[in-house]
Number of protein chains: 2
Amino acid sequence: MSILVVGSVAFDTIATPSGQVTDILGGSATYFSLAASYFTNVRVVAVVGEDFTAKDEAVFTNRGVDVRGLERTAGKTFRWGGQYLDNLNEAKTDFTELNVFEKFQPRIPKEYADTQFLFLGNIHPTLQAAVRLEMDGVRLTGGDTMNYWIKSTPKELAETLKLMTVVLINDTETKMLAGEKNLPRAANKVLAMGPQALVVKHGEYGATIFFRAGAFGLGSHPFRAPALPIEEVKDPTGAGDSFAGGFMGYIAAQGELNREVLKRALFYGGVMGSFAVERFGTERLQQLTREEIEGRFQVFRELTHLG
Amino acid sequence: MSILVVGSVAFDTIATPSGQVTDILGGSATYFSLAASYFTNVRVVAVVGEDFTAKDEAVFTNRGVDVRGLERTAGKTFRWGGQYLDNLNEAKTDFTELNVFEKFQPRIPKEYADTQFLFLGNIHPTLQAAVRLEMDGVRLTGGDTMNYWIKSTPKELAETLKLMTVVLINDTETKMLAGEKNLPRAANKVLAMGPQALVVKHGEYGATIFFRAGAFGLGSHPFRAPALPIEEVKDPTGAGDSFAGGFMGYIAAQGELNREVLKRALFYGGVMGSFAVERFGTERLQQLTREEIEGRFQVFRELTHLG
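Throughout this document, residue positions are counted from 1 along each chain, in the order its sequence is written. Each chain gets a letter, beginning with A, and each ligand a number, beginning with 1, in the order they are written. Given that the model is predicted, a residue must reach a pLDDT of at least 70 before its local features are reported, and side-chain atom pairs must reach 80 or more before they are shown or counted; all residues, however, enter totals for whole chains, interfaces and linings. To get the side-chain values, all heavy atoms of the structure are used, and hydrogens and water are removed first.

A. Spatial organisation of the interface of chain B and chain A. On the chain A side, the residues contacting the 37 residues of chain B number 36 residues. A simple way to read buried area is as the amount of 1.4 Å-probe accessible surface that goes missing from two parts once joined, with both sides added. Taken over both partners, the interface formed by chain B and chain A buries close to 3,300 Å², and the fraction arising from carbon and sulfur atoms is 52%. Considering only the surface of chain B that becomes buried against chain A, B:Tyr205, B:Arg224 and B:Leu306 emerge as the three largest contributors, covering 25% of it. Each salt bridge in this description consists of a side-chain nitrogen of Lys or Arg and a carboxyl oxygen of Asp or Glu lying within 4 Å of one another. Connecting chain B to chain A are two salt bridges. Residues B:Glu204 and A:Lys175 are paired through a salt bridge, measuring 4.0 Å at the closest nitrogen-oxygen approach. Under this definition, polar contacts are N or O atom pairs within 3.5 Å; protein pairs additionally need one hydrogen-donor-capable and one acceptor-capable atom, and for neighbouring residues in sequence, both atoms have to be side-chain atoms. Counting every contact that joins chain B to chain A gives 24 residue pairs in polar contact (both at pLDDT 80 or more). Here a strand is any run of E in DSSP of at least two residues, a helix any run of H or I of at least four, and the numbering for each starts at the N terminus. Taken together, the elements giving at least two residues each to the side of chain B that touches chain A come down to helix H6 (171–178), helix H7 (183–192), strand S13 (223–225), helix H9 (259–276) and helix H11 (290–304) of chain B. Sort the elements by how many residues they give to the side of chain B that touches chain A and H11(B) lands first, with six residues. Each residue gets one label: Ala, Val, Leu, Ile, Met, Phe, Trp, Tyr, Cys and Pro are nonpolar, Asp, Glu, Lys and Arg are charged, and the others, such as Gly, are polar. Taken together, the residues of the side of chain B that touches chain A sort by class into 15 nonpolar, eight polar and 14 charged. For this analysis, residues touch if any pair of their heavy atoms sits within 4.5 Å.

B. Local environment of empty space enclosed by the protein. A cavity here means a set of 1 Å grid points, computed over protein atoms only, where a 1.4 Å probe fits but cannot escape. A pocket is an open set with protein on both sides within 12 Å along at least 5 of 7 lines, and lining residues have an atom within 4 Å of a point. Grid points are joined across faces, edges and corners, and a volume is the space filled by probe spheres set on the points. Within the structure shown, the criterion is met by one cavity of 30 Å³ or more. Around the largest cavity, the lining residues are A:Tyr205, A:Arg224, A:Ala225, A:Pro226, A:Thr304, B:Tyr205, B:Arg224, B:Ala225, B:Pro226 and B:Thr304. Counting only elements with at least two residues in the lining of the largest cavity, the list comes to strand S13 (223–225) of chain A together with S13 of chain B. Along the lines of polarity and charge, the residues of the lining of the largest cavity split into six nonpolar, two polar and two charged.

C. Looking closely at the confidence of the model for chain A. Mean pLDDT over chain A stands at 96; residues scoring 70 or higher make up 100%. Across the whole predicted complex the pTM is 0.94, and at the interface the ipTM reaches 0.91. Every residue gets a pLDDT, meaning the predictor's confidence in that residue, from 0 to 100.

D. Structural detail: the pattern of salt bridges. Evaluated as defined, the whole model comprises 34 salt bridges over all chains. Salt-bridge contacts for A:Asp51 lead to A:Arg79; the nearest nitrogen and oxygen are separated by 2.7 Å. With A:Asp51 in the loop between strand S4 (42–48) and helix H2 (54–61) and A:Arg79 in strand S6 (residues 78–83), the pair connects residues that are 28 residues apart, well separated along the chain. Burial classes follow relative accessibility: with a 1.4 Å probe on protein chains only, a residue under 20% of its type's maximum area counts as buried, one over 50% as exposed, and anything between as partly exposed. Residue classification places A:Asp51 among the partly exposed positions, given a relative accessible area of 23%. For the salt bridge of B:Arg284 with B:Glu278, the shortest nitrogen-to-oxygen distance reads 2.7 Å. Here the residues in one salt-bridge network are A:Glu278, A:Arg284, A:Glu292 and A:Arg296, joined through shared partners.

E. Examining the pairing of strand S12 (residues 207–211) of chain A more closely. Residues and elements named next belong to chain A. In terms of burial, S12 is largely enclosed, as five of its five residues are buried. The alternating pattern of S12 places Ala207, Ile209 and Phe211 on one face and Thr208 and Phe210 on the opposite face, and all of these are buried. From the end of strand S11 (residues 197–201) to the start of S12, which pair antiparallel, there are five residues, and Gly203 there has a positive phi angle of about 65°. Strand direction decides the pairing type here: S12 and S13, joined by three bridges, are antiparallel. Opposite Ile209, over in S13, you have Phe223 as the bridge partner. Two strands are counted as paired when DSSP detects at least two bridges linking them.

F. Representation of the environment of A:Thr93 in the model. All names here are of chain A. Here Thr93 is to be found in strand S7 (residues 92–97). A sequence separation of 10 residues divides Thr93 from Gln83, and the C-alpha atoms of the two residues are 6.5 Å apart. Beyond its immediate chain neighbours, meaning those up to four positions away, Thr93 contacts Trp80, Gly81 and Gly82. Polar contacts involving the side chain of Thr93 include one to the side chain of Trp80, which spans 3.2 Å.

G. Representation of the sheet that holds strand S10 (residues 166–170) of chain A in the model. All names here are of chain A. Here we have nine strands laid out as an open sheet, ordered S5-S4-S1-S8-S9-S10-S11-S12-S13, and mixed in their pairing. Since the sheet does not close on itself, it has two edges, and those belong to strand S5 (66–72) and S13, each with one partner. The average undirected angle you get between the axes of adjacent strands in this sheet is 15°. For helices, the fitted line uses only the C-alpha atoms of the stretch in contact; every axis is such a line through C-alpha atoms, and the angle between N-to-C directions lies from 0 to 180 degrees.

H. Representation of H9(B) in the model. All names here are of chain B. Taking 1.5 Å of rise per residue, 18 residues should cover 26 Å, and H9 covers 26 Å from first to last C-alpha, within 8% of that figure. Summarising burial for H9: 16 of the 18 residues are buried, a large majority. Of the residues flanking the start of H9, the one acting as N-cap is Asn258, its side-chain oxygen 3.1 Å from the backbone nitrogen of Glu260. To estimate how far a helix should reach, multiply one less than its number of residues by 1.5 Å.

I. A look at the relation of the copies chain B and chain A. When the copies are superposed, the least-squares fit takes in the C-alpha atoms of residues with a pLDDT of at least 70 in both. Superposing chain B onto chain A takes a rotation of 180° plus a shift of 0.0 Å along the axis, which leaves an RMSD of 0.0 Å. Put plainly, the chains are arranged around a two-fold axis. Counting the interface residues of chain B, we find that 97% of their copies in chain A are interface residues as well, pointing to one common contact surface.

Written as structure tokens, this is what we have:
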């Protein structure tokens, strides 16, 4: 099944203890698309400027990503600069130039109308909601958000959360959204806001999926997938979006939607996140094989499963 | 097989968001002994003062713990006061009264000489080393330490680490000990200091065991066990020592020492830690059944294992 992602395409300038790069292709829709492309057909809706070249586009099309929803407009592409010199777990933003992204109004090509799986990247919740409402046939919607929207647009976000099947956010965002410090209690509060499941990303400690009672079959327990202990994280940028791409891409490729599928998806999310950080930008995600992905899935399994 | 623990017995005064208690029985040797007692015979070496009552002793003996190594001396028992009002993950110490613990010199009863498993609780590394060197027949030694010893007695600690088979510490202690921010790199540095395996406790995110190459059989991967997402942590005091008690107690009860045993032990560590925090002090650890423990082991398994 195809999956549609709506999000950002950006040129990033990044400094980490391993080095620095200027204006490399990034953005949530980019990382998501590449990660998901190893599992299923991906369609992208995003906006780029006149500086987006054929070479940049080829990063998508080489992986078979459908770029008919990639809108080109006058001006420059979104630019972000950040560093992880002191702390690989958290970016310090140096600059943000929204450029063409400032007035982004997602336009869904009519060829995308039959899409059954949707991922709403981290954009204004009102735009997320508009996209979801336009896509009648969607079976499962995943969505991201961030501290900025939780603080500045709580009402709009509350409406949008009702439209998401699975929310993927980190510990801090979960606790902030719920107004509750204890993680499982915070998770239950977020689930009460609408979604059927909540994926809480713990960075180097993996991720936990919490299910609403009765959602995706029986059972009351959450499920936890590890992250790979990595000796050299070259560039953490895009790890969360790559996680979402692996998670949603795996789900979209399955016939059924049940807890076992979502649990495995959590492992594939971790797998794709672990590849993303091995090189700067999207370099590693451009050149993977399905064999490498399955190999790392087995490593994740050995990391957590008793004999 | 019997296991011997050397550590502290204390009276704790604790405040958490769930309430407060004064002068309740605690200390590393106490939590460890109770947790390990569900798996194997436990022997304890510690010191108490004249205020340690028959009722306190019964907490140990009711669980079959051998208290012949519990030395009574003139003065008051070690007292600690702390609170977790702002942060359940880290205690804020209100006071420490070492009392009889200040001049603690572990004395091993001759009846303990045949002990094969040893746990060195968090005391001065020179005392830890002396105990280990006195115990000729020990097959496996687990040991704890803390920031204070890492900073103030690095040379003594370096010698003691060579005598430990498995070191159990948290993320911060691992990174401090190694002088390295990246966890897997820090873990490798600690392993190079002597131990065959290193258990890094991640608090609410579980724990990871790293193996020295070739130790406990083949394989190069670490192994990660979860912690239970707990909605109400009443009192985190003793969680780490209860973890160590479950981990070491399970190991001591097995015939063989191999990676699979250590992996399962990591799960049992998490299980015992999860029980400990459900009530204040040692209350929950005093009244468990083996069935409850196995039930929770299954929950930990379901929390992490794919179908």
